[in-house]
Amino acid sequence: MDLTTTDAFDGLECVDCGATFDAAEATHECPDCGGVLDPTYDYDAIDLDRETLESRPFDSMWRYEELLPFARESAVTMDEGATALVDCPNLADELGVERVLVKDEGRNPTGTFKDRGQTVAVTAATQHGASDVVLASAGNAGQAAAAYAGRAGLESHVFLPSRSGFTNKAMVNVHGGDMNVVGGRIGDAGAAYEEAREEHDDWYPLQTFTTPYRHEGKKTMLYEIVEQLDWETPDAICYPTGGGVGLIGMYKAATEFRELGLIDDLPALYAAQASGCAPIVEAYEEGWDEHEPVENPDTICGGLEIPDPGASPWILEAIRATDGGAVATDDPDILEAGVQVAQHAGLEMVPSSAAAASGAWELAERGEFDGDETIVILNTGSGNKEADVLRSHLMGQGI
Ligand SMILES: *Cc1c(COP(=O)(O)O)cnc(C)c1O
Ligand SMILES: [Zn+2]
C-alpha cells in the first residue's frame, strides 16, 4: 500500500522493544511485542528554521507538516490547532509569577484538543484503506472521532461510559456515529470496545497508543506555544493528565525542536490530576517507574478518570527529564479554579482542564515557581462542554 507520507518520516519505532516498521505495514501495536509504536523522522533531512515557520500563516497545526507523518494535502483536516495563547495577567498576579498564559484548546472544531489527535489518526485510517473506525472514550475523543470519520466518509463506532457528558453523546449522534453507551465507567466502555474489536477485525482502532498517531497530533501544541512566545521556551507547562497523550506529545515535540536547533531548553512539564484518580502523581511521589492502577477511581473530571494509564513509564520519564513534577487537587478545588479562571480571565475551561489551573495554584503555593517565570496552563476543552457541571458547583455556594 502506498501512503502519502512526508519526506523525513521514517516509519514507526516500538518504544518497548525498539523494533522498527514501515508505516504501510504496521498500523497499530508493535507486531513483535504489542508495545506502543512511535513515528520517527530523519531530522537531518528536515530543513526548518524560525523564519520559514514565521512566514507561514498561523492557520492550522498542519503548518508543521514536515514534522508530521502525512502530507497536509492528504489530511482529513478542519484546520484544527492554531489556537490562541492568551495572556492572563490577573492569574499571574495570583500565582506570583511573571506571566501566565492559557493555551485555549477549546477553540478547536469539536471544542477540545482531541481534534489534534484525531486529524492525524483518521488521516492514517483513510491511508490504510479503513471503512470503519472504533474507539472507547470518556467522551471528547469519541466526539472528535465521529466528526473526523464523518468528514472522511468512514463509519465510526464509539463506546462511551454512561457518565459521559450530554454534549459528547448528542454530538456523536449528530455526526452520524454508531454510539454505544456502556453502563459503568471508562473501563467498562473499554471492555465493550475490546469485544467489538474481536468481533470485527476489520474495524480500525483510534484508541490512544493503540494507533501511533494521536500523541503525534497532540505534539503540535508545544510547537505552537513556543512559536507564539517568540521562540522563548516557557518555564513550566501545567497539563491536565489522564492517559498523558498530550504530555508525551509535547515532550517529544520539545526534544524535536531542540534537535532542529529551534530552541535550547525543554519546558518543565507538570502533570495535574484529580485526587480521586491520580496514579501518575502517586508514582511520581513514590519514585516508581510506572503507575499502580487506581482501584476505585472517582472524580468529576471525566477526561482525567483514567485509572490505568498504560503509557505511565513514558509520562514519568517526560516529567523527570524536564525537571517538572506532578500534582493532584480535589474536585471542589478544581471546579472552583474553573470558576475563578472564568471570572478573572474570562476563559471557559472544561472541569477536566480546570485541574491544570488548580494544580498550578497548588504548585505556586508550594513555592515551585520563581517570581520571574512564565507558566503555560493547558485549557484542553471548552467550558461549554460541561457548563452544567461548572454551574452546579455554584449551587453548593448558594448561588
Ligand atoms: C482527554 C482529555 C484530557 C486528558 O488527556 P490525556 O492527553 O489523555 O492525558 C484532559 N482534558 C480533556 C478535556 C480531555 O478531553
Ligand atoms: Zn515491540
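Use the structure listed above.
Residues numbered from 1 in each chain as written. Chains lettered and ligands numbered in written order. Predicted model: local features only at pLDDT ≥ 70, side-chain atom pairs only at ≥ 80, totals over all residues. Heavy atoms only, no water.

## Here we look at the sheet that holds strand β7 (residues 155–161)
1) Next: In space, the four strands of this open sheet follow the order β8-β7-β6-β9, with parallel pairing throughout. Two strands bound the open sheet, and with one partner strand each, they are β8 (178–182) and β9 (204–205).
2) Next: Along the sheet, helix α4 (residues 140–152) contacts β6 (132–136) and β7; its crossing angle with β6, the most-contacted strand, is approximately 170 degrees.
3) Next: Sheet strands in contact with helix α5 (residues 166–174) are β7 and β8, and its direction is about 165 degrees off that of β7. (Pairing = 2+ DSSP bridges. Helix = DSSP H or I, 4+ residues; strand = E, 2+ residues; numbered from the N terminus. Contact = heavy atoms within 4.5 Å. Axes fitted to C-alpha atoms, helices over the stretch in contact; angles between N-to-C directions.)

## So, the site of ligand 1
1) Next: Taken together, the neighbourhood of ligand 1 is formed by 17 residues, with Lys114, Tyr239, Gly242, Gly244 and Thr380 sitting nearest.
2) Next: Between ligand 1 and Lys114, the relevant distance is 2.8 Å, taken from an oxygen atom to a side-chain nitrogen or oxygen of the residue.
3) Next: One of the backbone N or O atoms of Gly243 is found 3.1 Å from an oxygen atom in ligand 1.
4) Next: Contact with the protein chains removes 95% of the 380 Å² of surface that ligand 1 exposes when unbound.
5) Next: Within the residue set of the shell around ligand 1, elements represented by two or more residues are β10 (236–240) and α9 (245–259).
6) Next: Considering only residue class, the shell around ligand 1 consists of six nonpolar, nine polar and two charged. (Near = heavy atom within 4 Å. Polar contact = N/O pair within 3.5 Å; in protein donor to acceptor, adjacent residues only side chain to side chain. Areas by Shrake-Rupley, 256 points an atom, 1.4 Å probe, with all protein chains shown as cover. Nonpolar A, V, L, I, M, F, W, Y, C, P; charged D, E, K, R; others polar.)

## Let's talk about the sheet that holds strand β3 (residues 37–41)
1) Next: Within the open sheet, the three strands sit side by side as β2-β1-β3. Their pairing is antiparallel. The open sheet has two edge strands with one neighbour each: β2 (20–21) and β3.
2) Next: Bridging between strand β1 (residues 9–14) and β3 involves five bridges; their strand directions are antiparallel. Along β3, the bridge assignment pairs Glu13 with Asp38.

## With respect to the packing of aromatic side chains
1) Next: According to the stated counting rule, one finds 10 aromatic pairs in the structure shown.
2) Next: Plain terms: the ring middles of Tyr270 and Phe369 are 5.9 Å apart, the flat faces sit at 85 degrees to each other, and that makes the pair edge-to-face. Placement of Tyr270 in strand β11 (residues 268–274) and of Phe369 in the loop between α13 (351–365) and β13 (374–379) is noted, with a sequence separation of 99 residues between them.
3) Next: For Tyr270, a relative accessible area of 4% corresponds to the buried category.
4) Next: Residue class for Phe369 comes out buried when judged on its relative accessible area of 10%.
5) Next: Cluster of aromatic residues (ring-pair linked, three or more members): Phe9, Tyr41, Tyr43, Phe70 and Tyr213. (Phe/Tyr/Trp six-rings, centres within 6.5 Å; stacked < 30°, edge-to-face > 60°. Buried < 20%, exposed > 50% of the residue type's maximum accessible area, 1.4 Å probe, protein only.)

## Quick look at the layout of surface pockets
1) Next: What the second largest pocket holds in volume is close to 190 Å³.
2) Next: Listed by contribution, the elements that provide at least two residues to the lining of the second largest pocket are β3, α9 and α11 (312–321). (1 Å grid on protein atoms, 1.4 Å probe; cavity = no way out; pocket = protein on both sides within 12 Å on 5 of 7 lines; lining within 4 Å. Points joined across faces, edges and corners; volume = space filled by probe spheres on them.)

## With respect to the coordination of the zinc ion (ligand 2)
1) Next: Around the zinc ion (ligand 2), the protein contributes the donor atoms Cys14 (SG), Cys17 (SG), Cys30 (SG) and Cys33 (SG), at 2.3 Å from the metal centre.
2) Next: On the primary sequence, the residues serving as donors to the zinc ion (ligand 2) are separated as C-x2-C-x12-C-x2-C. One end of the pair, Cys14, is in strand β1; the other, Cys33, is in the loop between β2 and β3, and 19 residues separate them in sequence.
3) Next: For Cys14, a relative accessible area of 2% gives the class buried. (Donors = N, O, S within 2.8 Å, 3.2 Å for Na, K, Ca; no water.)

## Section: the nonpolar core
1) Next: One finds Leu206, Tyr213, Ile237, Leu247, Phe257, Val376 and Leu378 to be the most contacted residues of the largest nonpolar core, which totals 86 residues.
2) Next: Considering every element that reaches this core, the biggest residue donor is α9, with eight residues.
3) Next: Both of domain 1 (85–111 + 214–396) and domain 2 (131–202) provide at least three residues apiece to this core.
4) Next: Beyond its immediate sequence surroundings of up to four residues, Ile237 is in contact with Leu222, Ile225, Met250, Pro267, Ala268, Leu269, Tyr270, Val376 and Leu378. (Core = buried A, V, L, I, M, F, W, Y, C linked by side-chain atoms within 4.5 Å. Domains from an automatic or database assignment.)

## Notes on the side chain of Asp38
1) Next: Mapped onto the secondary structure, Asp38 falls in strand β3.
2) Next: Under the relative-accessibility criterion, Asp38 is labelled buried at 12%.
3) Next: Among the polar contacts listed, one links the side chain of Asp38 to the side chain of Lys252, at a separation of 2.9 Å.
4) Next: Excluding anything up to four places from it in sequence, Asp38 contacts Gly11, Leu12, Glu13, Val15, His215, Glu216, Lys252 and Trp314.

## A short note on α13
1) Next: Here α13 is 15 residues long and its end C-alpha atoms lie 21 Å apart, about the 21 Å a rise of 1.5 Å per residue gives.
2) Next: Of all the 15 residues making up α13, 12 are buried; the element is thus mostly covered by neighbouring parts of the structure.
3) Next: All of the buried residues in α13 are Pro351, Ser352, Ser353, Ala354, Ala355, Ala356, Ala357, Ser358, Gly359, Ala360, Trp361 and Leu363.
4) Next: Once α13 ends, the next one or two residues include Gly367, with phi positive near 80 degrees. (Expected span 1.5 Å × (residues − 1).)

## Re a negative patch on the surface
1) Next: A contiguous patch of negative charge, built from Asp47, Asp49, Glu51, Glu54, Glu98, Asp230, Glu232, Asp235, Asp264, Asp265, Asp370 and Asp372, is present on the exposed surface.
2) Next: Considering the arrangement of structural elements, one finds Asp49 in the loop between β3 and α1 (50–54).
3) Next: Under the relative-accessibility criterion, Asp49 is labelled partly exposed at 33%. (Patch = residues over 30% accessible without salt bridge, like charges linked within 9 Å, V, L, I, M, F, W, Y side chains within 5 Å. Salt bridge = Lys/Arg side-chain N within 4 Å of Asp/Glu carboxyl O. Lys, Arg positive; Asp, Glu negative; His and termini not counted. Charge placed at Lys NZ, Arg CZ, Asp CG, Glu CD.)

## Brief notes about the packing of helix α3 (residues 114–127) against α4
1) Next: Viewed as axis vectors pointing N to C, α3 and α4 meet at an angle of 40 degrees, and their least axial separation amounts to 9 Å. In terms of orientation, α3 lies oblique with respect to α4. Once α3 is placed against α4, the crossing between them reads as right-handed. Residues Lys114, Asp115, Gln118, Thr119, Val122 and Thr126 of α3 form the contact with α4, whose participating residues are Asn140, Ala141, Ala144, Ala145, Tyr148, Ala149 and Ala152. (Parallel < 35°, antiparallel > 145°, perpendicular 65-115°, else oblique. Left-handed = near helix turned anticlockwise from the far one by under 90°.)

Such coordinate-based values are descriptive only and should not be taken to indicate function.
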